[in-house]
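# Topology and contacts: notes
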Amino acid sequence: MEKHVFKTAEFAALCGVKKDTLLHYDHIGLLKPQWVGENGYRYYSARQLPVYDLIAALRRLGTPLGEIRDYLSRRSPQALLELLDEKRQALAQERQRLDRMERLLEDARGKAQQAAQVRPGQIQLEQCPEVWCAVVAAPDFAGAGFQEAVYLLHVRQLLTWAREQGSPSQAPGDILCRESMERGEFLEDYYYCVVPPGTTGWEVRIRPAGTYAVLYHQGSYVSEYDACRRLWEWVHQQGYVVDGDLYEEDLINDFATEDAQSYLLKLSIKVKTR
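Everything numeric in this text was worked out from a predicted model, so none of it was measured.

### Topic: the state of the cysteines
Tallied over the full model, the rule gives 0 disulfides. Of the cysteine sulfurs around C193, a residue in no disulfide, the closest is that of C133, at 9.0 Å. Assessed through its relative accessible area of 0%, C193 is described here as buried.

Right under this line is the structure:
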């Protein structure tokens, strides 16, 4: 019999885990005791400590127990390299996922902070940076009016794709083209998600940097159209020239409230002096 042997509870203490963990590993054939005595006691050898450490390291990398068991049965330098390369790739993907989640949280937090600082109904001039927008043409709501279910289904593919590209968008915004507003039409022409500059693989429109007339509108999406018209009229009343499209983005939506009348929408239209 080996000199340095330990009962299950003793070996678990050395490994820093619960006894039940070793019993489970034994049950699934991952780490069996060195031998089982006639009295039914399980005995582990000190030489099994490195094996447990390997299992623990692979578990920290998110490796399933079955995959670890398969690896232990075919351990070799080449198999280790293959496994580590696979885990490195998995970690890179996880970092990307966490980065996307952090951008989503920061974007949502920033909008919530902005919403708390503005006065609904207020129109003002703001300097806005350039923004890249992945877009999809809006369905024709003329006559039928805005239908939220149609909207949600229509933007699903755009939202999924944009998030994969690193977009922090919780929900797409709207674009009303200047040409449409000049015709007196205040329905959205496109839905958009903000994406990193240089993004390819989808139709993109660039919101240029510059001076924008901004209206913070509180109300449902249905009331947005009248608010857009109000902003358009204000720009002309103030003697400015419309110099681009109108962009809508949500500051408060159904992520933060069940009451559609409490939504807070930021409406922005690029302007210049005559």
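### Some remarks on the pattern of salt bridges
Taken as a whole and judged by the stated rule, the model has 12 salt bridges. Note that K266 and E126 form a salt bridge whose closest N and O atoms lie 3.5 Å from each other. In this pair, K266 is assigned in strand β11 (residues 264–273) and E126 in strand β4 (residues 123–128), connecting sequence segments 140 residues apart. Neither K266 nor E126 differs from the other in exposure class; each is buried. Several salt bridges converge on common partners, so that one network encompasses D26, K32 and R42.

### Comments concerning the sheet that holds strand β9 (residues 210–218)
Overall, antiparallel pairing links the 8 strands, which are arranged β4-β9-β11-β10-β6-β7-β5-β8 in an open sheet. Here the strands that pair on one side only, and so sit at the sheet edges, are β4 and β8 (204–207). Pairs of neighbouring strands in the sheet enclose a mean axial angle of 35°, with direction left out of account. Sheet analysis places strand β6 (residues 173–176) next to strand β10 (residues 240–252), joined by 3 bridges and oriented antiparallel. Within the sheet, the bridge partner assigned to D174 lies in β10 and is E248.

### With respect to the packing of aromatic side chains
As enumerated under the stated definition, the model contains 7 aromatic pairs in all. Where Y192 meets Y247, the ring centres are 5.8 Å apart and the plane angle is 80°; that geometry is what we call edge-to-face. You can see Y192 sitting in strand β7 (residues 190–195) and its partner Y247 sitting in strand β10, a full 55 residues away along the chain. The exposure classification of Y192 matches that of Y247, with both residues buried. The aromatic ring of Y212 is capped on one face by R207, whose charged end is 5.3 Å from the ring centroid.

### Things to note about the sheet that holds strand β3 (residues 42–45)
With respect to topology, 3 strands assemble into an open sheet ordered β1-β3-β2, the strand pairing being antiparallel. The outermost strands of the open sheet, each flanked by one partner alone, are β1 (5–7) and β2 (35–36). The pairing of β1 with β3 spans 3 bridges and is antiparallel. Of the residues in β3, the one forming a bridge with V5 is S45. Here helix α1 (residues 8–15) sits on the sheet in contact with β1 and β3, set at roughly 105° to β1.

Definitions and cut-offs
- Residues numbered from 1 in each chain as written.
- Predicted model: local features only at pLDDT ≥ 70, side-chain atom pairs only at ≥ 80, totals over all residues.
- Heavy atoms only, no water.
- Disulfide = S-S within 2.5 Å.
- Buried < 20%, exposed > 50% of the residue type's maximum accessible area, 1.4 Å probe, protein only.
- Salt bridge = Lys/Arg side-chain N within 4 Å of Asp/Glu carboxyl O.
- Helix = DSSP H or I, 4+ residues; strand = E, 2+ residues; numbered from the N terminus.
- Pairing = 2+ DSSP bridges.
- Axes fitted to C-alpha atoms, helices over the stretch in contact; angles between N-to-C directions.
- Phe/Tyr/Trp six-rings, centres within 6.5 Å; stacked < 30°, edge-to-face > 60°.
- Lys NZ or Arg CZ within 6 Å of the ring centre and 35° of its normal.
- Contact = heavy atoms within 4.5 Å.

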